[in-house]
Amino acid sequence: MNATQKHLFKLICEIDDICKKYDIEYFMDYGTALGAIRHEGFIPWDDDLDIMLTEENYYKWVEACKKELDPKKRVYSDVRLDREFPTVFGRYNDCESARVGQKSEFWKPICGQCIDVFYLLELPGDPVKKQEAIDRYYAYDEYSNSSYRHFRMKTENWMKLYKRYTRLGKIFGKERVLRHLEKKIFHQHYDDCDTYICTSARKKGPSSIVPKMCYDSVYMADFEGRKLPIPGNYVELLNTYYEDTYCDIPEHKKRHSKMSYAGIECEAYVSDYMRLIDKDKMLRERQEFKDIAVEEGYRITRHSQWAYEKLAMCELLKIQNQIKEKNLNVKELMVSNDHEKLAQLDALFHDYYEKQMNSSVRSWDAYFDFPDELIEAALYNLIYYRNDYYTVAKILDLRKTAGKSMTKIMEQLWDCVLTTRKIKAQIIYGNLEEAKKWVDYGLQHYADCREIKICELNLDVQLAKTPEDIAKANQYADELLALYEGDDQCLKAKGDLAFAAGDKEKAKEYYDDLMENSINGMIHMDIRRKLRDE
């Protein structure tokens, strides 16, 4: 751990002690949960720490903080406790340190190192009521903050709500409007609830809408040498946030801000520059800027939607022209075990994948509305040629957001994605018999699916007990490597089988190669754990 991480770890241990004392259930979440699973601690380049509570436990947490925290050392704040605080989610702040970054609350004497504290609000199961609740919360989140929040959320319904809140605020006062909204948003319970909305309320990055079942249980994960809680169904949660890429070490190592832990109290740091600032004038100008920015965000949202519709039309025309020029029949190219035909499909849709999956396009929920038979072919190719489940999930999610129904073929491909996720989750959880059932189902329906075959191999490796089992699994691994040369999961299986057979030198050759060349962080972690335990 670097200095910032060491300090944050100290803070999370304090939180853990408070929660144990007052019987408060909390979870480490977002990148912190990912770090616990993929690194047994902080993601090496990460510089923040997040926890999550259900709404019931959040109120218990607030009361515990009132009893336990010395305000000269630690302060917990959110916008409902302090209207000048910039976010609905809260922060456990260390007043004995200073944090320097673009998002420091420079009008508050609270800018020390901190842990973000999010909480979960129930959403109704009915789709229409659910969307109404989401729109209401997002508009409230923007209205309650003095800072500008959601650049990419300025939809028609959102804007109507925000303008209504603003208009009422001018008549009755902002505080009265906020209290009225908070009665409608918080302390709500729905018998048909199957999802939560998290108070992160983010549009870009991990989803703020999460399955309720992810938090039904607790898993105590190893985190920098201490057992700390993460959601029990953490694989499903990580799939919700990062889909099928959560195992992979990214090329771009994202940092939240330039933080530095200084040995000075945050009050001393803030007072050094606050003497130069007219706080009332600054906050007034900030609100004026926000009023303009919200209107501009709404115009940009509408313009972006229009622009991406035109981009989709251009990509569709390009594909249709290629089909006509080359006299292609995309249905005839959808053959799961014919590499050459799938390669033709891949060439046809290459630019479409690049454009549709561009981060800017996806962040605006832009869906390239192609004819169903073309979407089917593109998704089929992703499964059987590229082995890219992440892109399939993203495109289908964008399609759903756009209000489009799925065809039978799309439902089958989505079922293939879900089946592989279920198998991987059960293997990770150690439920091998359940994983075996799903492998059998997957091979029965998707016999040529590469990922399901590799899952079968991983299961065979874990179940191998005798020399005969090991030999049989080795043979299958060789067969798959002949089909999928250099696949890191197959190479990992070969290493594990050599390890199980007692050939540690051969196993080490495979492991060294994987540690150097694989981007799969879960493979790295499993190898480190295996060698450490040995």
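Coordinates for the structure precede this section.
Note that the coordinates shown come from a computational prediction; the quantities given were computed from them, not determined experimentally. (Residues numbered from 1 in each chain as written. Predicted model: local features only at pLDDT ≥ 70, side-chain atom pairs only at ≥ 80, totals over all residues. Heavy atoms only, no water.)

**Overview of the overall build of the chain**
Applicable threshold: In this description a helix means any DSSP run of H or I spanning at least four residues, a strand means any run of E spanning at least two, and both kinds are numbered starting from the N terminus. Only C-alpha atoms enter the radius of gyration; for comparison, a globular chain is expected to reach 2.2 Å times N to the power 0.38, where N is the number of residues. Only protein chains enter the area calculation, which uses a 1.4 Å probe; residues under 20% of their type maximum are buried, those over 50% are exposed, and those in between are partly exposed. Between two residues, a contact is recorded if the distance between any of their heavy atoms is within 4.5 Å. Accessible surface area values rest on a Shrake-Rupley calculation with a 1.4 Å probe, where residue burial reflects the displayed protein chains alone. The positive count covers Lys and Arg only, the negative count covers Asp and Glu only, and His and the chain ends enter neither. To locate a charge, the coordinates of NZ of Lys, CZ of Arg, CG of Asp or CD of Glu are taken.
In terms of regular secondary structure, the chain is built from 21 helices and 9 strands. Taking 24 Å as the expected radius of gyration for a compact globule of 534 residues, we find that the chain reaches 26 Å, a close match to that expectation. Burial analysis of the chain (534 residues in total) assigns 50% to the buried set. In the chain, 68% of the contacts between residues at least 6 apart in sequence involve partners at least 24 apart. Carbon and sulfur atoms make up 50% of the accessible area of the chain, which amounts to about 26200 Å² in all. One finds the centroid of the 83 positive side-chain charges in the chain at a distance of 6 Å from the centroid of its 95 negative side-chain charges.

**Observations concerning the nonpolar core**
Stated formally: Nonpolar cores were defined as sets of buried Ala, Val, Leu, Ile, Met, Phe, Trp, Tyr and Cys residues, with membership established by side-chain atoms within 4.5 Å.
Counting 69 residues, the largest nonpolar core has Ile12, Ile51, Trp61, Tyr92, Ile115, Tyr137 and Tyr140 as its most contacted members. Here Tyr137 is in contact with Val88, Leu121, Ile185, Phe186, Ile197, Cys198, Thr199 and Ala201, once residues within four sequence places are set aside. One finds Ala312, Phe370, Leu398 and Cys455 within the second-largest nonpolar core, a separate group that totals 50 residues.

**What to know about the packing of helix 17 (residues 450-463) against helix 18 (residues 467-483)**
Filter applied, for reference: To get an axis, fit a line to the C-alpha atoms, keeping to the stretch in contact for a helix; angles then go from 0 to 180 degrees between the N-to-C directions. Roughly parallel refers to an angle under 35 degrees, roughly antiparallel to one over 145, roughly perpendicular to one between 65 and 115, and oblique to any angle outside these ranges. Here a crossing is taken to be left-handed if its near helix is turned anticlockwise relative to the far helix by less than a right angle, and right-handed if that turn runs clockwise. Ten residue types, Ala, Val, Leu, Ile, Met, Phe, Trp, Tyr, Cys and Pro, are classed as nonpolar, four, Asp, Glu, Lys and Arg, as charged, and the remainder, Gly among them, as polar.
Running from N to C, helix 17 and helix 18 point in directions that differ by 160 degrees, and their axes come no closer than 9 Å. Regarding the angle of helix 17 to helix 18, the classification is roughly antiparallel. Crossing angle aside, the handedness with which helix 17 passes helix 18 is left-handed. Where helix 17 abuts helix 18, its residues Lys453, Ile454, Glu456, Leu457, Asp460 and Leu463 lie against Asp469, Ala473, Tyr476, Ala477, Leu480 and Leu483. Along the lines of polarity and charge, the residues of the contact of helix 17 with helix 18 split into 8 nonpolar, no polar and 4 charged.

**Side note on helix 9 (residues 279-326)**
Because each turn of an α-helix spans 3.6 residues, side chains separated by three or four positions end up pointing in the same direction. Just so we agree on the cut-off: Helix span, expected: 1.5 Å multiplied by one less than the number of residues in the helix.
Given a rise of 1.5 Å per residue, 48 residues ought to cover 70 Å, and the 67 Å separating the end C-alpha atoms of helix 9 matches this to within 8%. Directly after helix 9, the chain includes Asn327, whose backbone phi takes a positive value near 55 degrees.

**So, the packing of aromatic side chains**
What counts here: Two rings from Phe, Tyr or Trp (for Trp, the six-membered ring) form a pair when their centres sit within 6.5 Å of each other. Planes less than 30 degrees apart are called stacked, planes more than 60 degrees apart edge-to-face, and all others tilted. Definition used: whenever NZ (Lys) or CZ (Arg) falls within 6 Å of the ring centre and also within 35 degrees of the ring normal, the charge is taken to sit over that ring.
Counted under the stated rule, the structure contains 30 aromatic pairs. Ring geometry for Trp158 and Tyr162: centres 5.1 Å apart, planes at 10 degrees, overall stacked. Of this pair, Trp158 and Tyr162 both sit in helix 5 (residues 156-172), 4 residues apart, which is roughly one turn of the helix. Given the relative accessible area of 1%, Trp158 is considered buried. Note on Tyr162: relative accessible area 7%, which makes it buried. Judged by centre distance (6.1 Å) and plane angle (70 degrees), the ring pair of Tyr196 and Tyr215 falls under edge-to-face. Here the residue Tyr196 occupies a position in strand 6 (residues 195-198), and Tyr215 occupies one in the loop between strand 7 (209-211) and strand 8 (218-223), the gap between them amounting to 19 residues. Tyr196 sits in the buried class, given a relative accessible area of 9%. Feature note: the residues Tyr58, Tyr59, Tyr119, Tyr137, Tyr138, Tyr140 and Phe186 constitute an aromatic cluster, connected by ring pairs. If you follow Lys174 out to its NZ or CZ, it ends over the ring of Tyr143, 5.2 Å from the centre.

**Considering the packing of helix 13 (residues 372-386) against helix 14 (residues 389-401)**
Each pair of packed helices gets described by two things: the angle between the helix axes and the distance between those axes. The geometry of helix 13 relative to helix 14 is characterised by a closest axis approach of 8 Å and an angle of 155 degrees between their N-to-C directions. Compared by their axis directions, helix 13 and helix 14 come out roughly antiparallel. Here helix 13 runs over helix 14; the crossing is left-handed. Judged by residue contacts, Asp372, Ile375, Leu379, Leu382 and Ile383 of helix 13 engage Tyr389, Thr391, Val392, Ile395, Leu396 and Arg399 from helix 14. Looking at the contact of helix 13 with helix 14 residue by residue, the class counts come to 8 nonpolar, 1 polar and 2 charged.

**So, the environment of Leu53**
By secondary structure assignment, the location of Leu53 is in strand 2 (residues 50-54). Among all residues touching Leu53, those that are not within four sequence positions of it are Ile24, Glu25, Tyr26, Tyr58, Trp61, Val117, Phe118, Tyr119 and Leu120.

**Digging into unusual backbone geometry**
You will see that Asp23, though not glycine, has its phi angle at about 55 degrees, which is positive. Of note, Asp23 is situated in the loop between helix 1 (3-21) and strand 1 (27-28). Phi is positive for His187, close to 60 degrees, though the residue is something other than glycine. The residue His187 is located in the loop between helix 6 (174-185) and strand 6 in this model.

**With respect to the pattern of salt bridges**
Here is the rule: Definition used for salt bridges: Asp or Glu carboxyl oxygen within 4 Å of a side-chain nitrogen of Lys or Arg.
The tally for this structure, following the rule as stated, stands at 37 salt bridges. In this structure, Asp16 and Lys20 form a salt bridge, with 3.1 Å as the shortest nitrogen-oxygen distance. Note that Asp16 and Lys20 are positioned in helix 1 at a spacing of 4 residues, about one turn of the helix. When its relative accessible area of 55% is taken as the criterion, Lys20 is described as exposed. A salt bridge links Glu63 to Lys66, with the nearest nitrogen and oxygen atoms 3.1 Å apart. Of the two residues, Glu63 and Lys66 are both situated in helix 3 (residues 55-68); the distance of 3 residues between them amounts to about one turn of the helix. On the basis of relative accessibility, which here comes to 41%, the residue Glu63 falls in the partly exposed class. Classification of Lys66 as exposed rests on a relative accessible area of 58%. Linked through salt bridges whose partners overlap, the residues forming this network are Glu14, Arg74, Asp94 and Glu96.

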